[in-house]
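For reference, the chains in residue letters:
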Amino acid sequence: MAERYGGKYSPGGDPRGSATGNRSPLAGLRPSRAGMRVNLLFLAPLPLIWKGFRAEPIVMVQYFLAFGLIIGAAWMTREGLRAEEAFDARRVARRPALPRKIFGAALMGMGLGLAGIAGYGPLEAVIFAAMGAVLHLFAFGIDPLRDKGAGADTIATQRVARAVEEAETHLGAMTKAIRQLGDRRLESRLSRFQAVARDMFRTVEEDPRDLPAARRYLGVYLIGARDATTKFADIYAKTRDPQARADYEALLSDLEKNFEARHRSLLLDNRTDLDVEIEVLRERLEREGVHPD
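Since the structure is predicted, the reported quantities are computational estimates derived from the model, not experimental observations.

Asker: Which residues make up the overall build of the protein chain, and what are the values?
Answerer: Helices and strands together make up the secondary structure of the protein chain, namely 9 helices and 0 strands. Along the protein chain, from the amino end to the carboxyl end, the secondary structure elements read α-α-α-α-α-α-α-α-α. Across the 293 residues in the protein chain, those meeting the buried criterion constitute 37%. For the protein chain, restricting intrachain contacts to residue pairs at least 6 apart in sequence, the fraction spanning at least 24 positions comes to 75%.

Asker: Provide a residue-level description of the pattern of salt bridges, including the pertinent values.
Answerer: The final tally for this structure, using the stated rule, is 9 salt bridges. One salt bridge connects glutamate 79 with arginine 82, and the closest N-O pair in it is separated by 3.3 Å. Highlighted residues: glutamate 79 and arginine 82, both in helix H3 (residues 57-89), separated by 3 residues, approximately one helical turn. Glutamate 249 serves as the salt-bridge partner of arginine 245, at 3.4 Å between the closest nitrogen and oxygen. Of this pair, arginine 245 and glutamate 249 both sit in helix H9 (residues 242-287), 4 residues apart, roughly one helical turn. Accessibility classification places arginine 245 together with glutamate 249 in one group, the buried group. Salt bridges sharing common partners tie together Asp183, Arg245 and Glu249.

Asker: Could you give an account of a nonpolar patch on the surface, naming the residues involved and the relevant values?
Answerer: A contiguous nonpolar surface patch, about 480 Å² in accessible area, is contributed by Leu98, Ile102, Phe103, Leu137, Ile142 and Leu145. With respect to the element layout, isoleucine 102 can be found in helix H4 (residues 100-119). Since its relative accessible area comes to 31%, isoleucine 102 is described here as partly exposed.

Asker: Go over the environment of proline 144, please, and point to the residues and values.
Answerer: Position of proline 144 among the secondary structure elements: in the loop between helix H5 (122-140) and helix H6 (155-179). Here proline 144 falls in the buried class, since its relative accessible area comes to 15%. Along the chain, proline 144 and lysine 101 lie 43 residues apart, while their C-alpha atoms are 9.7 Å from each other. Once you skip the residues sitting within four places of it in the chain, proline 144 turns out to touch Glu84, Phe87, Arg95 and Pro96.

Asker: Describe the packing of aromatic side chains, with residues and values.
Answerer: All chains considered together, the criterion is met by 7 aromatic pairs. Here tyrosine 120 and phenylalanine 128 contribute two aromatic rings whose centre-to-centre distance is 5.6 Å and whose plane-to-plane angle is 85°, an arrangement assigned as edge-to-face. When its relative accessible area of 62% is taken as the criterion, tyrosine 120 is described as exposed. Ring centres of phenylalanine 193 and phenylalanine 259 lie 5.4 Å apart, and the angle between their planes is 90°; this geometry places the pair in the edge-to-face category. Here phenylalanine 193 is found in helix H7 (residues 184-206), whereas its partner phenylalanine 259 is found in helix H9, with 66 residues between them in sequence. As far as burial versus exposure is concerned, phenylalanine 193 and phenylalanine 259 are alike and both buried.

Asker: Requested: an account of unusual backbone geometry, with residues and values cited.
Answerer: The residue arginine 240 is not glycine, and still its phi comes out positive at about 50°. Residue arginine 240 is classed as partly exposed on the basis of its relative accessible area of 41%.

Asker: How would you explain the nonpolar core if you had to name every residue and give the values?
Answerer: With 32 residues, the main nonpolar core has Phe193, Met200, Phe201, Leu218, Phe232, Tyr248 and Phe259 as its most contacted residues. Elements that contribute at least two residues to this core include exactly H6, H7, helix H8 (211-239) and H9. Element by element, the count of residues in this core is highest for H8, at 9 residues. Setting aside its immediate chain neighbours within four residues, phenylalanine 259 contacts Phe193, Val196, Ala197, Met200, Tyr217, Tyr221 and Leu222. In terms of nonpolar packing, the next biggest core, distinct from the first, is built from 15 residues, Val38, Leu48, Ile70 and Phe140 among them.

Asker: Go over the side chain of aspartate 183, please, and point to the residues and values.
Answerer: Positionally, aspartate 183 belongs in the loop between H6 and H7. Residue aspartate 183 is classed as buried on the basis of its relative accessible area of 13%. Here leucine 186 takes part through its backbone nitrogen, which lies 3.1 Å from a polar atom of the side chain of aspartate 183. Setting aside residues no more than four positions away along its own chain, aspartate 183 makes contact with Tyr236 and Arg245.

Asker: How would you summarise the packing of helix H1 (residues 36-43) against H3 if you had to cite specific residues and measurements?
Answerer: Relative orientation of the contacting elements H1 and H3 amounts to 165°, with a least axis distance of 8 Å. Between H1 and H3, the interaxial angle falls into the category roughly antiparallel. Judged by the twist between their axes, the crossing of H1 over H3 is left-handed. Here Val38, Leu41 and Phe42 of H1 lie close against H3, whose contacting residues are Ile70, Ile71, Ala74, Trp75, Thr77, Arg78 and Leu81. Among the residues making up the contact of H1 with H3, the classes are represented as 8 nonpolar, 1 polar and 1 charged.

Calculation notes
- Residues numbered from 1 in each chain as written.
- Predicted model: local features only at pLDDT ≥ 70, side-chain atom pairs only at ≥ 80, totals over all residues.
- Heavy atoms only, no water.
- Helix = DSSP H or I, 4+ residues; strand = E, 2+ residues; numbered from the N terminus.
- Buried < 20%, exposed > 50% of the residue type's maximum accessible area, 1.4 Å probe, protein only.
- Contact = heavy atoms within 4.5 Å.
- Salt bridge = Lys/Arg side-chain N within 4 Å of Asp/Glu carboxyl O.
- Patch = residues over 30% accessible without salt bridge, like charges linked within 9 Å, V, L, I, M, F, W, Y side chains within 5 Å.
- Areas by Shrake-Rupley, 256 points an atom, 1.4 Å probe, with all protein chains shown as cover.
- Phe/Tyr/Trp six-rings, centres within 6.5 Å; stacked < 30°, edge-to-face > 60°.
- Core = buried A, V, L, I, M, F, W, Y, C linked by side-chain atoms within 4.5 Å.
- Polar contact = N/O pair within 3.5 Å; in protein donor to acceptor, adjacent residues only side chain to side chain.
- Axes fitted to C-alpha atoms, helices over the stretch in contact; angles between N-to-C directions.
- Parallel < 35°, antiparallel > 145°, perpendicular 65-115°, else oblique.
- Left-handed = near helix turned anticlockwise from the far one by under 90°.
- Nonpolar A, V, L, I, M, F, W, Y, C, P; charged D, E, K, R; others polar.

Here it is in structure tokens:
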């Protein structure tokens, strides 16, 4: 979905900027893969409706079923691309539970095959089904079939993946609540906080040992932020109370500062661990009689 950029110097932008150095709300985001190509899939089967109304009853039903299968294939493919984007955005992630793009290719083959039976014959139906499924997989690829990340089969990494998935669910609920208000400035402000939170997610994914220190932020604090956002959206949609808006923006600023502070703390701890490991390695080399020239 296209989204207008709303920076500090944009019309309607927040002149105060971000609490973390005027961070762009679009920082770290990539163009969505679920774009024009998938949207065209929803338009491609429309001629089947016209052909169905001009055919005999049994053939008409076949055309309409083919139309439904192809629409289902387009929907499954779009959801599969979105799931793949979320998978690629994380350093550690579990594979999607349902291979949506593969299912989409199967539905596309079934839909084209049924259309071939209705309009031509069995041989043509087999050709249409095979070509449709193969070309669909060639155009959109297959779903991730393995967990992602170093040591993705370890218990610690799986815990991190689950914690990040739950945290992303809370962020998604916040985004959904604010978007109902249709206020670009609030959406931009929320996006800046979410960018800070996702920076912490990536740090925890890189080092699962950071999960105990960040668990409260990924769970309790985000649940509280989600509930506060939902309540604010309900109240502000009815009253447009400027004081409620100011209080909510102040809450986001406090959360952003706290998440940023915890993130810096995690990075500092990781650097301390690295320094200790380097020092231990140097001592071992010295005991082995290895000295730099």
